[in-house]
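What the coordinates show
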Amino acid sequence: MAREKPEAAAEAEAAPELSYREQIEFLNPIAQPLASRKLTRKLLKCIRKATKHKQIRRGVKEVQKFINKGEKGITVLAGDTLPVEVYCHLPILCEERSLPYAYVPSKTGLQLCPREGTRPPMAPSAPQDLGMAAGSKRPACVIMIKPHEEYQEAYDECLEEVSALPLPL
């Protein structure tokens, strides 16, 4: 089993988190519609609640499979995923099936920055990370939140705001 080096852990804890504006610098060209800072927080909070009840689909392959099967939910995509060919077909699938989707700025704080090839100065427990919100130590570039009665109010609020976002042309 691989163990994390103590220097790397100390460096990650001491590193400041990237702000929402700093994360936007690393977005890929197709990241539209982008969730606002406030909506990003709501979506990640809803993802954390859905994870507790095992009501999420995580990863491109799993999300695509359940979209094709007709499952309903909110699709949340990470805006800093490169290459975009990995998941560029998912927004089209969502639009064809009238599913709401939105991009959030970051999938994880431990990935390489797409432009500089260096690690961003972000703590691994940053609350604005898509993978961390899903209770995973691994990055997640797409997550589908399924509705559930335990967090229906938060889900409906997110659904309303994501549906109101303008679709890209």
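Residues numbered from 1 in each chain as written. Predicted model: local features only at pLDDT ≥ 70, side-chain atom pairs only at ≥ 80, totals over all residues. Heavy atoms only, no water.

Some words on the packing of aromatic side chains
Working definition: an aromatic ring pair is given by the centre-to-centre distance plus the angle between the planes. Convention followed: A pair of Phe, Tyr and Trp rings is counted when the ring centres sit within 6.5 Å of each other, with Trp represented by its six-membered ring. The angle between the planes then sorts it: under 30 degrees is stacked, over 60 is edge-to-face, the rest tilted. Runs of E in the DSSP output that reach at least two residues are strands. Runs of H or I that reach at least four are helices, and both are numbered from the N terminus. Relative accessible area decides the class of each residue, using a 1.4 Å probe on protein chains only: under 20% of the type maximum gives buried, over 50% gives exposed, and in between gives partly exposed. Two conditions define a charge located above a ring, namely a distance within 6 Å from the ring centre to NZ of Lys or CZ of Arg, and an angle within 35 degrees of the ring normal.
This structure, assessed with the given rule, holds 2 aromatic pairs. Seen from their ring centres, Y87 and Y103 are 6.1 Å apart, and the 85° between their planes marks the pair as edge-to-face. One end of the pair, Y87, is in the loop between strand 2 (74–78) and helix 5 (90–96); the other, Y103, is in strand 3 (residues 101–104), with 16 residues separating them in the sequence. Between Y101 and Y103 the ring centres are 6.4 Å apart and the planes differ by 80°, which places this aromatic pair in the edge-to-face class. One exposure class covers both Y101 and Y103, and it is buried. Linked through ring pairs, Y87, Y101 and Y103 together constitute an aromatic cluster. The cationic tip of R57 hangs over the ring face of F66; the distance from NZ or CZ to the ring centre is 3.7 Å.

Here's the deal with a positive patch on the surface
Cut-off, in case you're wondering: Each patch is built from residues that are more than 30% exposed by relative accessible area and take part in no salt bridge. Like charges join if they lie within 9 Å; nonpolar side chains (Val, Leu, Ile, Met, Phe, Trp, Tyr) join within 5 Å. Residue burial considers only the protein chains on display, and all accessible areas are found by Shrake-Rupley using a 1.4 Å probe. Salt bridge criterion: a side-chain nitrogen from Lys or Arg within 4 Å of a carboxyl oxygen from Asp or Glu. Counting rule applied: Lys, Arg positive; Asp, Glu negative; His and chain ends not counted. The atom standing in for a charge is NZ when the residue is Lys, CZ when it is Arg, CG when it is Asp and CD when it is Glu.
On the surface, a cluster of positive charge is contributed by K45, R48, K49 and K52. Relative to the assigned elements, K52 resides in helix 3 (residues 37–52).

Focus: the packing of helix 3 against helix 7 (residues 152–164)
Two quantities define a packed helix pair, namely the angle between the axes and the distance from one axis to the other. Quick note on the threshold: Each axis is a line fitted through C-alpha atoms, taken for helices only over the stretch in contact, and angles between the N-to-C directions span 0 to 180 degrees. Note that the term roughly parallel is reserved for angles under 35 degrees, roughly antiparallel for angles over 145, roughly perpendicular for angles of 65 to 115, and oblique for everything else. Helix crossings get a hand from a simple test, with the near helix turned counterclockwise from the far one by less than a right angle marking a left-handed crossing and a clockwise turn marking a right-handed one. By the convention used here, residues are in contact when the closest approach between their heavy atoms is within 4.5 Å.
Running from amino to carboxyl end, helix 3 crosses helix 7 at an angle of 140°, the nearest separation of the two axes being 10 Å. Taken as axis vectors, helix 3 and helix 7 run oblique relative to one another. For the element pair helix 3 and helix 7, the recorded crossing hand is left-handed. Note on element contacts: helix 7 touches helix 3 through A154, Y155, E157, C158, E161 and V162, opposite L39, K42, L43, C46 and K49.

A short note on the pairing of strand 3
Here is the rule: Between any two strands, pairing holds if DSSP finds at least two bridges. By convention, orient the strands away from the viewer: a clockwise path from the first strand over the helix to the second makes the crossover right-handed.
Burial of strand 3 is two-sided: the residues Y101 and Y103 facing one way and the residues A102 and V104 facing the other way are all buried. Here 4 bridges tie strand 2 to strand 3, and the two strands are oriented parallel to one another. For T75, the partnering residue across the bridge sits in strand 3 and is Y101. The handedness of the strand 2 to strand 3 crossover, carried by helix 5, is right-handed.

Here's the deal with the sheet that holds strand 2
Pairing is mixed across the open sheet formed by 4 strands, whose spatial order is 1-4-2-3. Each of the sheet's edge strands pairs with one partner strand only, and the pair in question is strand 1 (56–58) and strand 3. Averaged over all pairs of adjacent strands, the angle between strand axes in this sheet comes to 20°, irrespective of strand direction. The sheet strands contacting helix 3 are strand 1, strand 2, strand 3 and strand 4 (142–145), and the helix crosses strand 4 at an angle near 70°.

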